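Residue strings, one per chain:
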Amino acid sequence: GLSALGRQQATALRDRLKKTSEIRAAALYCSTLPRAVQTAEIIAPALGLEPRASAELCEWESGNNLLGIEAFTQIFDALDPTARRQHRFAEGFETIAEFTTRVQRKLQQMVAEHDGGTIVLVVHGGVVEAAFAYFLGYGPGLFEGGYPAAGFTSITHWRRSRPHGEWVLELANDTHHLREQG
């Protein structure tokens, strides 16, 4: 679950959203992992919404806990980016391509369900990366030459343009609400 610092950061985000009303959301989704659920519950009153937990928005299930972070990192770093996308690090766990496909399918479903409405997601860094790939039109797999930053309780805002429907990145990794915390 959330640490004391995590609760403080989520409260700062809630206070920002309540004060500014900068996000008028039609839906609030989160992963089923405890930190995301707890964060969504903290910010929900500022949005006037109940969080909807979805397993499809959980972080990449790579099997790194079975291997140990040192062994996982050694294997990960030894693979070229193309091979890395399809590599199964532990039996029964997802490849990067499978993870990205899972997240992108859920995003596609939510976008269709809330066409024209704002959706707030309380998710994890890997899901943010998969969302960037989805909105920019990349296929399954994470970035090769770099990746978008996803700080704790940051706001990344995508907007669909009209009439053509392209996705526009309005805001990325905004953590201004945390500045007072040092």
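Summarised in this report is the structure supplied together with it. Per chain, residue numbering runs from 1 following the sequence as it is written. Only residues with pLDDT of at least 70 are given local features in this predicted model, and only at 80 or more are side-chain atom pairs given and counted; all residues enter the totals for whole chains, interfaces and linings. Just so you know, side-chain values use all the structure's heavy atoms and leave hydrogens and water out.

1. Some remarks on helix α1 (residues 4-20)
The way it works is that DSSP assigns letters per residue, a run of H or I at least four long becomes a helix, a run of E at least two long becomes a strand, and they are numbered from the N terminus. Here the expected length of a helix is defined as 1.5 Å per residue gap, with one fewer gap than residues. In a regular helix each residue adds 1.5 Å, so 17 residues correspond to 24 Å; α1 covers 24 Å between its end C-alpha atoms and thus fits that length. Type-normalised accessible area, obtained with a 1.4 Å probe on protein chains alone, sets the label of each residue: buried when under 20%, exposed when over 50%, and partly exposed for intermediate values. Looking only at α1, the buried set comprises Gly6, Gln9, Ala10, Ala12, Leu13, Arg16 and Leu17. The arc that holds every buried residue of α1, seen down its axis, measures 155°, which confines them to one face. Among the exposed residues of α1, those pointing more than 90 degrees away from its buried face are Ala4, Lys18 and Lys19. By the convention used here, residues are in contact when the closest approach between their heavy atoms is within 4.5 Å. Buried residues along α1 sit against α2 (34-47), β4 (155-160) and β5 (167-174). Backbone geometry just downstream of α1 places Ser21 in the positive-phi region, at approximately 50°. Note that the arc is computed from the directions linking the helix axis to the C-beta atoms.

2. A word on the nonpolar core
To define a nonpolar core, start from buried Ala, Val, Leu, Ile, Met, Phe, Trp, Tyr and Cys residues and group those joined through side-chain atoms within 4.5 Å. Formed by 19 residues in total, the largest nonpolar core has its most connected members in Trp60, Phe99 and Val103. Of all elements in the fold, only β1 (27-30), α6 (96-113) and α7 (125-136) reach the threshold of two or more residues within this core. Cys30, Leu49, Val122 and Ile155 belong to the second largest nonpolar core, which has 14 residues in total.

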